[in-house]
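Single-letter residue listing:
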Amino acid sequence: MVPGAAHPAMLALLALLGALLPGPGGAQTSVQPPNAIIPRGSSITVNCSTSCDQHTLLGLETQLAKREVDHGNNWKIFELSGVQKDSMPICYSSCPSGQASALMNLTVYWFPERVELAPLPPWQPVDEHFILRCMVSGGAPRDHLTVVLLHGEKELSRQPAGNGEPAEVTVTVLATRDDHGANFSCRTELDLRSQGLGLFQNSSAPRKLRTFVLPMTDPHLATHRVLEVGTEWQVNCTLDGLFPVSEAEVHLALGDMRLQPTITYNDDSLLAKAWVKGKVEEEGVQYLTCAVNLGGQSRRSQESVTIYSFPAPNLTLSQPEVSEWTMVNVECEAQAGAVVTLNGAPARTPGPRAQLQLNASAEDNGRSFFCSAALEVAEQVVHKHQTRELRVLYGPRLNERDCLGNWTWQEGSQQTLRCQAWGNPTPKLNCSRKEDGALLPIGDLRPVKREVAGTYQCRATSTCGEVTREVVINVIYHQNNMAIVIPVASVIILGTVVTAACIYNCQRKIQKYELQKARKAQEEAAMKLNTPATPP
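These numbers come from a predicted model, not from an experiment.

Turning to the overall build of the protein, a few remarks are in order. From N to C terminus, the protein includes 2 helices and 41 strands. Taking all 536 residues of the protein together, the buried fraction comes to 38%. In the protein, 63% of the contacts between residues at least 6 apart in sequence involve partners at least 24 apart. Accessible surface, the protein as shown: approximately 30,400 Å² in total, 51% of it carbon and sulfur.

So, in structure tokens, the structure goes:
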């Protein structure tokens, strides 16, 4: 309190009395300006005056820092400095005519020190509500301070700040897919336009919202239930109904080993593919896990995978190559727990071993022995196979069906001599005429000449022996020259002529019959040769 000043309570009473009971002669006290609004921390000059012309006591009662900067006979000017809050200074006067006072309304305005939008949820589920919360510290006068909550530039809510410190303004919002990536903020508006000032705005930093959709269904995990050591299988993990699908993360693992999937994103679904390789150290039951993470939530599926070892069965022949009529032992064996099947083996109790014994013949040459092993793994049956071939050495064969013993051909026709010898190793074959050793081409298409007629010896030879077969070639041709004896007597001539005519007609009939017979034999031979020959 300034020395010499009256007690505030007394001054208030004087002011009240001065207002109610003005002194004689109408003495009045006034203050200029009666109402004022200034920025916080600034200064203002106040003019106190009185209508009393006589000796008077004139002053300004306030808790603010003040100093008298000028005065006159019935007025004084004071400077109030460093004003931090609202105040009501009182100008008072006391003169012989009485006491009087005047009240000043001093308002301080200042902008909020902090306008902040509270952090948004890291991820907000679509179609669920969330709260926008704006915190405002400071700012006055509060009855002129408004808080606006914004979605981008769109107003969501406009509310008075209230008197709380800090002020808190909220609004509830329903999240949508369109809100993903949108900015939210809040803004204060200090409206002093009614005081002759302006509209002062202060905005918070924007915050970005991320919305998401994660279905309640678990991912679909497609994989083989059993996996053999050393093999690779592809694992597929899919999930539909995701938003935003590109933000989804996929975790694929086999046991403790994380896989490296390739992820394909579609409109609202994803497909993750990875390769799994069976390892010896992982043999047994392992768990394959697929987890899809989005918005801080997860959906996961798990499948058991059995990793197993199952080598092919061991199929052995006592001798893979034998001479004809040699005993051969065939044996097939698989790991314990497997059941083997050997073609040709006699029926017996199922087990991991099967065998058979045979006396090898020419018909067994090239015979394949097939062994199948079956093993049950995780309620599934897996198979492995093995094949071996037997080679039987046997001497040459020249059979009627493969090498005809009699051929009849028409002179000048195109014919091929077909003669096939069988054996292992494959025998060499040649045919030579018995009379002069002339060779008969085998397998060549040639015109038939009467000179090729004769009996041929066909010989097939190999390291396992030899075999021979006679082949007869008949060639039919016309006899154009005929010896005719002309007799002296007419009877003899007639007889000769008749005899000659009969002989001539008989020869023609015989030749015609033989030609038809030869053609029929050739057709039958051709039909036999066109039928594929099978080795014995």
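A separate point is the sheet that holds strand β11 (residues 129-140). In space, the 4 strands of this open sheet follow the order β2-β9-β11-β14, with mixed pairing throughout. The two strands at the open ends of the sheet, each matched to only one other strand, are β2 (35-39) and β14 (167-174). Neighbour to neighbour, the strand axes of the sheet diverge by 30 degrees on average, direction disregarded. One ladder, built from 8 bridges, connects β11 with β14; its direction is antiparallel. Bridge pairing in β14 places H129 opposite L174.

So, about the state of the cysteines. Scanning the model with the defined rule gives 6 disulfides in all. A disulfide bridge connects C237 with C290, and the sulfur atoms are separated by 1.8 Å. Judged by the torsion about the S-S bond (-80 degrees), the C237/C290 disulfide is left-handed. Within this pair, whereas C237 is found in strand β21 (residues 232-240), its partner C290 is found in strand β26 (residues 284-294), the two being separated by 53 residues in sequence. Classification of C237 as buried rests on a relative accessible area of 0%. Judged by its relative accessible area of 0%, C290 is buried. Between the sulfur atoms of C332 and its disulfide partner C371 the distance amounts to 1.7 Å. Where C332 bonds to C371 through sulfur, the torsion about that S-S bond is close to -70 degrees, and the disulfide is left-handed. Here C332, found in strand β30 (residues 327-333), pairs with C371, found in strand β33 (residues 367-377); they are 39 residues apart in sequence, far enough to count as distant. Residue classification places C332 among the buried residues on the basis of a relative accessible area of 0%. Classification of C371 as buried rests on a relative accessible area of 0%. Taking only the cysteines that form disulfides and numbering them from first to last, the protein has the pattern 1-2, 3-4, 5-6, 7-8, 9-10, 11-12.

It is worth spelling out unusual backbone geometry at this point. Cis rather than trans, the peptide bond between E165 and P166 has omega equal to -5 degrees. With respect to the helices and strands, the residue P166 is situated in the loop between β13 (154-160) and β14. Going from N424 to P425, the amide bond is cis rather than trans, its omega being 5 degrees. With respect to the secondary-structure elements, P425 resides in the loop between β37 (422-424) and β38 (428-433). In this structure, W325 is a non-glycine residue whose phi angle is positive, near 70 degrees. Within the secondary structure layout, W325 lies in the loop between β29 (321-323) and β30. When its relative accessible area of 57% is taken as the criterion, W325 is described as exposed.

Taking burial as the measure, the 9 residues of strand β15 (residues 183-191) include 7 buried ones, the bulk of the element. In this structure, strand β12 (residues 145-151) lies alongside β15, joined through 7 bridges in antiparallel fashion. Following the sheet pairing, H151 is matched in β15 by F184. Across 2 bridges, β15 lies against strand β17 (residues 207-208) in antiparallel orientation. Looking at β17, one finds that F184 is bridged to R207. Two strands pair when backbone bridges link them, and β15 and strand β16 (residues 199-203) are joined in this way by 5 bridges, in the antiparallel orientation. For R187, the partnering residue across the bridge sits in β16 and is S203.

Turning to the sheet that holds strand β7 (residues 90-95), a few remarks are in order. Taken in spatial order, the 3 strands of this open sheet run β4-β7-β8, and their pairing is antiparallel. Across the chains shown, the open sheet's two edge strands, defined by having one partner strand only, are β4 (57-61) and β8 (98-103). The sheet shows a mean angle of 15 degrees between the axes of neighbouring strands, direction not considered. For β7 and β8, the ladder comprises 6 bridges, and the chain directions are antiparallel. Each residue of the ladder has a partner; that of Y92, found in β8, is S101.

Scanning all chains against the criterion turns up 6 aromatic pairs. Between Y109 and F111 the ring centres are 6.3 Å apart and the planes differ by 50 degrees, which places this aromatic pair in the tilted class. By relative accessible area, which is 12% here, Y109 ends up buried. Between the aromatic rings of F111 and F200, the centroid separation amounts to 4.9 Å while the plane-to-plane angle is 45 degrees, which identifies the pairing as tilted. One end of the pair, F111, is in strand β9 (residues 105-117); the other, F200, is in strand β16, and 89 residues separate them in sequence. Residue classification places F111 among the partly exposed residues on the basis of a relative accessible area of 40%. The exposure class assigned to F200 is partly exposed, which follows from its relative accessible area of 26%. Connected via pairs of aromatic rings, a cluster forms that spans Y109, F111 and F200. Geometry around F78 places K66 over its ring, the cationic atom sitting 5.5 Å from the centre.

Rules used throughout
Residues numbered from 1 in each chain as written. Predicted model: local features only at pLDDT ≥ 70, side-chain atom pairs only at ≥ 80, totals over all residues. Heavy atoms only, no water. Helix = DSSP H or I, 4+ residues; strand = E, 2+ residues; numbered from the N terminus. Buried < 20%, exposed > 50% of the residue type's maximum accessible area, 1.4 Å probe, protein only. Contact = heavy atoms within 4.5 Å. Areas by Shrake-Rupley, 256 points an atom, 1.4 Å probe, with all protein chains shown as cover. Pairing = 2+ DSSP bridges. Axes fitted to C-alpha atoms, helices over the stretch in contact; angles between N-to-C directions. Disulfide = S-S within 2.5 Å. Phe/Tyr/Trp six-rings, centres within 6.5 Å; stacked < 30°, edge-to-face > 60°. Lys NZ or Arg CZ within 6 Å of the ring centre and 35° of its normal.

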